[in-house]
Amino acid sequence: MIEKLLKKDIIEVLEDLYGIKDYDLQFQKTRKEFDGDITLVVFPFTNFSKKSPEETGNEIGEILNLSDFIYSFNVVKGFLNLVINDDIWLAQLSDALKDNSFGFINANKEAPTYLVEYCSPNTNKPLHLGHIRNNLLGFSVAEILKASGKNVQKVQIINDRGIHICKSMIAWQEFGNNETPETNNIKGDHLVGKYYVKFDQQYKLEVTDLVKNGIKHEEAEKTSPIFIKAQEMLLKWEAKDPDVIALWKKMNSWVYQGFTQTHKRLGVNFDKNYYESETYLLGKEVVKKGLDMKVFYTKPDGSVWIDLSDQGLDEKIVLRSDGTAVYMTQDIGTAIKRHEDFNFSHMTYTVGNEQDYHFKVLFLILEKLGYSWSKNCFHLSYGMVDLPSGKMKSREGTVVDADDIMEQMFQNAKNIAADLGKLDQLSENEAQELYETVGMGALKYFMLKVDPKKRMLFDPKESIDFNGNTGPFIQYAYARINSILRKNNSIIGIDMGVNISDKERELIKLILEFPKLIQESANSYSPALVANYIFELVKEFNSYYQSTSILNAESESLISFRVALSKKIAEIIKSGMLLLCIKVPQRM
RNA sequence: GGUCUCGUAGCUCAGUUGGAUAGAGCAUCUGCCUUCUAAGCAGAGGGUCACAGGUUCGAAUCCUGUCGAGAUCACCA
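Since we're looking at a predicted model, the values are computed, not measured.

Focus: the overall build of chain A
Looking only at helices and strands, chain A has 21 helices and 14 strands in total. Projected onto the principal axes, the alpha-carbon positions of chain A cover approximately 90 × 65 × 45 Å. Buried residues in chain A amount to 52% of all 588 residues. Seen as two clouds, the 71 positive and the 81 negative side-chain charges of chain A have centres 3 Å apart.

Quick word on the environment of Asn74
By the secondary structure assignment, Asn74 is in strand β3 (residues 70-76). Separated by 38 residues in sequence, Asn74 and Gly36 place their C-alpha atoms 7.9 Å apart. Apart from residues lying up to four places away in sequence, Asn74 is in contact with Asp35, Phe79, Leu80 and Asn81. A distance of 2.9 Å separates a polar atom in the side chain of Asn74 from the backbone oxygen of Asp35.

With respect to the domain arrangement of chain A
Domain boundaries assigned for chain A yield domain 1 (2-84), domain 2 (162-266), domain 3 (282-324) and domain 4 (402-579). Relative placement of domain 1 and domain 2: their C-alpha centres are 69 Å apart.

What to know about the pairing of strand β5 (residues 113-117)
When you tally the buried positions in β5, you get 5 out of 5 residues, the bulk of the element. Residues Thr113, Leu115 and Glu117 line one face of β5 and the alternating positions Tyr114 and Val116 line the opposite face, and both faces are buried. Relative to strand β6 (residues 151-158), β5 is paired through 5 bridges, and the arrangement is parallel. The partner of Leu115 across the bridge, within β6, is Gln153. Between the parallel pair β5 and β6, the chain is carried across by helix α5 (residues 129-147), and the sense of this crossover is right-handed. Pairing geometry for β5 and strand β11 (residues 346-352), over 4 bridges, is parallel. For Glu117, the partnering residue across the bridge sits in β11 and is Tyr349.

Structural notes on unusual backbone geometry
Here the phi dihedral of Lys77 falls at roughly 50°; this positive angle occurs in a residue that is not glycine. Within the element layout of this structure, Lys77 appears in the loop between β3 and β4 (79-84). On the accessibility criterion, Lys77 (58% relative accessible area) is exposed. One non-glycine residue with positive phi stands out, namely Tyr525, at about 50°. Within the secondary structure layout, Tyr525 lies in the loop between α19 (502-523) and α20 (527-547). For Tyr525, a relative accessible area of 11% translates into the label buried.

Section: the nonpolar core
For soluble globular proteins, the rule of thumb is that nonpolar side chains tend to be buried together. In terms of nonpolar packing, the biggest core is built from 151 residues, with Ile132, Phe561 and Ile573 touching the most fellow members. If you tally residues by element for this core, the top one is helix α21 (residues 556-579), at 12 residues. Aside from chain neighbours lying at most four places away, what touches Ile132 is Leu266, Ala402, Ile405, Met406, Leu443 and Met447.

So, the sheet that holds strand β12 (residues 377-382)
Backbone hydrogen bonds hold the strands of a sheet together, and the pairing may be parallel or antiparallel. What the 5 strands build is an open sheet, ordered β7-β6-β5-β11-β12; its pairing is parallel. In the strand order of this sheet, the two ends are held by β7 (272-275) and β12, each with one partner. For this sheet, the mean angle separating the axes of adjacent strands, direction not counted, is 25°. In the packing of helix α15 (residues 356-368) onto the sheet, the strands contacted are β11 and β12, and the crossing angle to β12 comes to about 180°.

So, the sheet that holds β3
What the 4 strands build is an open sheet, ordered β1-β2-β4-β3; its pairing is antiparallel. Unpaired on one side and paired on the other, β1 (27-29) and β3 mark the two borders of the sheet. Strand-to-strand, the axes of this sheet are offset by a mean angle of 30°, without reference to chain direction. As defined by bridge partners, β3 adjoins β4 across 6 bridges and the pair is classed as antiparallel. Directly across from Ile70, in β4, lies its bridge partner Ile84.

Thoughts on helix α17 (residues 428-448)
Taking 1.5 Å as the rise per residue, α17 with 21 residues should run 30 Å; its terminal C-alpha atoms sit 30 Å apart, in good agreement. Burial runs high along α17: 15 of the 21 residues are buried.

Description of the protein's contact with RNA strand B
In the vicinity of RNA strand B, 65 residues are found, and the nearest of them are Phe79, Asp301, Tyr476, Ser483 and Tyr545. For RNA strand B, the fraction of protein-proximal atoms (within 4 Å) that sit in sugar or phosphate groups is 61%. Between RNA strand B and Gln28, the relevant distance is 3.3 Å, taken from a sugar or linking oxygen to a side-chain nitrogen or oxygen of the residue. One nitrogen or oxygen atom from the side chain of Lys77 is found 2.9 Å from a phosphate oxygen belonging to RNA strand B. For the surface near RNA strand B, the elements supplying multiple residues, two or more each, are β2 (38-41), β4, α15, β14 (456-457), α18 (471-487) and α20. Of the residues contributing to the surface near RNA strand B, the split by class is 27 nonpolar, 20 polar and 18 charged.

Thoughts on the packing of aromatic side chains
Think of a pair of aromatic rings as described by two things: how far the centres are apart, and how the planes are tilted against each other in angle. Applying the stated criterion across every chain yields a total of 22 aromatic pairs. Aromatic side chains Tyr256 and Tyr275 sit 5.9 Å apart centroid to centroid with 70° between the ring planes, which places their arrangement in the edge-to-face category. Of this pair, Tyr256 sits in helix α11 (residues 242-266) while Tyr275 sits in strand β7, and the two are 19 residues apart along the sequence. Classification of Tyr256 as partly exposed rests on a relative accessible area of 21%. Summarising the aromatic geometry, the rings of Phe410 and Tyr435 are spaced 5.8 Å apart at their centres and angled 75° between planes, so their arrangement reads as edge-to-face. Taken together, the residues span a long stretch of sequence, with Phe410 in helix α16 (residues 402-419) and Tyr435 in helix α17 at a distance of 25 residues. Each member of the pair, Phe410 as well as Tyr435, is classed as buried. Taken together, the ring pairs in this structure connect Phe102, Phe104, Phe514 and Tyr533 into an aromatic cluster.

Points about a nonpolar patch on the surface
The grouping of Leu17, Ile63 and Leu66 at the surface amounts to a nonpolar patch, some 280 Å² of accessible area in total. Summarising the element assignment, Leu66 is placed in the loop between α3 (53-64) and β3.

Points about helix α13 (residues 284-292)
Among all positions of α13, only Val286, Val287 and Gly290 are buried. Summarising the axial view, the buried residues of α13 lie within an arc of 105°, below the 170-degree limit, and thus occupy one face. Residues Glu285, Lys288 and Asp292 are exposed on α13 and point more than 90 degrees away from its buried face. Immediately downstream of α13, the backbone of Lys294 shows phi near 65°, a positive value.

Here is what the cut-offs are and how they apply
Residues numbered from 1 in each chain as written. Chains lettered and ligands numbered in written order. Predicted model: local features only at pLDDT ≥ 70, side-chain atom pairs only at ≥ 80, totals over all residues. Heavy atoms only, no water. Helix = DSSP H or I, 4+ residues; strand = E, 2+ residues; numbered from the N terminus. Buried < 20%, exposed > 50% of the residue type's maximum accessible area, 1.4 Å probe, protein only. Lys, Arg positive; Asp, Glu negative; His and termini not counted. Charge placed at Lys NZ, Arg CZ, Asp CG, Glu CD. Contact = heavy atoms within 4.5 Å. Polar contact = N/O pair within 3.5 Å; in protein donor to acceptor, adjacent residues only side chain to side chain. Domains from an automatic or database assignment. Pairing = 2+ DSSP bridges. Right-handed = clockwise from strand over helix to strand, strands pointing away. Core = buried A, V, L, I, M, F, W, Y, C linked by side-chain atoms within 4.5 Å. Axes fitted to C-alpha atoms, helices over the stretch in contact; angles between N-to-C directions. Expected span 1.5 Å × (residues − 1). Near = heavy atom within 4 Å. Nonpolar A, V, L, I, M, F, W, Y, C, P; charged D, E, K, R; others polar. Phe/Tyr/Trp six-rings, centres within 6.5 Å; stacked < 30°, edge-to-face > 60°. Patch = residues over 30% accessible without salt bridge, like charges linked within 9 Å, V, L, I, M, F, W, Y side chains within 5 Å. Areas by Shrake-Rupley, 256 points an atom, 1.4 Å probe, with all protein chains shown as cover. Salt bridge = Lys/Arg side-chain N within 4 Å of Asp/Glu carboxyl O. Arc of directions from axis to C-beta.

Below is the structure:
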């Protein structure tokens, strides 16, 4: 905000002094070790001024210093450090205080619609830590986009059909003894996952047996009885066999109950679900159209392909020789359907970076088919969550289960609270709620503070931290401010004559960055920017809190100013953390 | 092998279109609760930004190459 005001003045000065027009100014925050608030980089002007960087900086500074904004200036090497007048900061803070949704832009009807897809699970096993990253990223990006003034729809596509679910179904039929979530008190998605594992075990046994009997390994993998049964079941499903469909519906409903529970605890939600069983046939029509347009071509065996070698990519199949759809076909169809459903301007797919290639191809195909909105489709490609031993592998039992880790975080929060003797003032219900808030806060912040693009490491042996750059650290600061506000919440308004300290000035500057930060994290689809910003704000506040008494300040106007400053910071912490799907406690 | 991504302190990570002496947290060590909540604060040590060139006033950031890690290149999803 301040930059905008300054910009006008500086551009004038540059034109008067050196005849420079419309130069793209480079501002940066003045580093802590120097005196000043905003720094203008003057190196680029030396070409025009024909003087040293120092002289150039001084020349510009002298004239700017006449302005009301500037209190003083200094030049170090090629950097012109500007000290802004305190009443400017106070006025800006005062404006921010009046704004109840500071930093947030409400989307009106004309605002563009952004679709955000995330989660998109298979229905044959429960969610794991990787899904937690996916869900949190997708949800958070959606919230950040909303905050930046977009209309947002959260969607997922549920991969509810195919050979994988048939494997669970067959294994349940063969070994399940009619076990249900109710009879054995097991969460539905875990129950179905159990039979998916059971299938795999049985399959391996059978393959081993066949190999012992002299059959080649490759052959054995294709002829094992249980594998054949699964394939037959898939065919029956596609033929809409009533018994198979009934079983399929029953087992999927178990899974959905489980997913709903997990999503609820995680705190994420969706505006619309797409089911692959309903969309897997979409796209075939489009392939025909694409053939007419000569975007695709047919091979002798009848399969349909696209040649992307001129874009540096390969040939890619879009329809099997038997005429059935592949993943790509469905995704083409689903994308088009979504555009019909929502007329979105942008669509984001939150999917791991192992599918980078797939989405590159998908967007290219949509473009070649003439869907101009394809250029606004974005693959939010995030890195895998790895264990110290490498990738999580369900077959090796190294998968970190989503429900387990959430429960573990709750227990950790409870234990730590007990160690710290925090239990006294709270009722049992309040205490339970607090453990949940803090435990989940630690987990979610841990996942979101890392740049989405980067792969991240999770070590199950070392539990997630509660100190330092963590969710609970931030929540604690919020609770402390709340404690102050419970004692004094009377803000008379900012006295413009109040003297502010360096720390207070730094805090005001940080507060004023919040609106821009939301826009930046929306533009870069990065909740990590929000996380790191809140951390910086809280760190600065904690230092201030420790060194400065808020309620015992020397004068009424100073108390009022400090309470107002703290309150605004608490508001930003709360609204910022909500963008990360993290709640903040009143006490902790 | 082709394509893509990544490599910053012992560990986990920041570092906005190239800018000043590369920053946090954890871990280690030293202090601070009679004062608004110590899940906190203040401080110390810890670096060849993988390596080598190049571009320029200036490079962790851009380009090229080398090494290392990962992903992907299926009539799987």
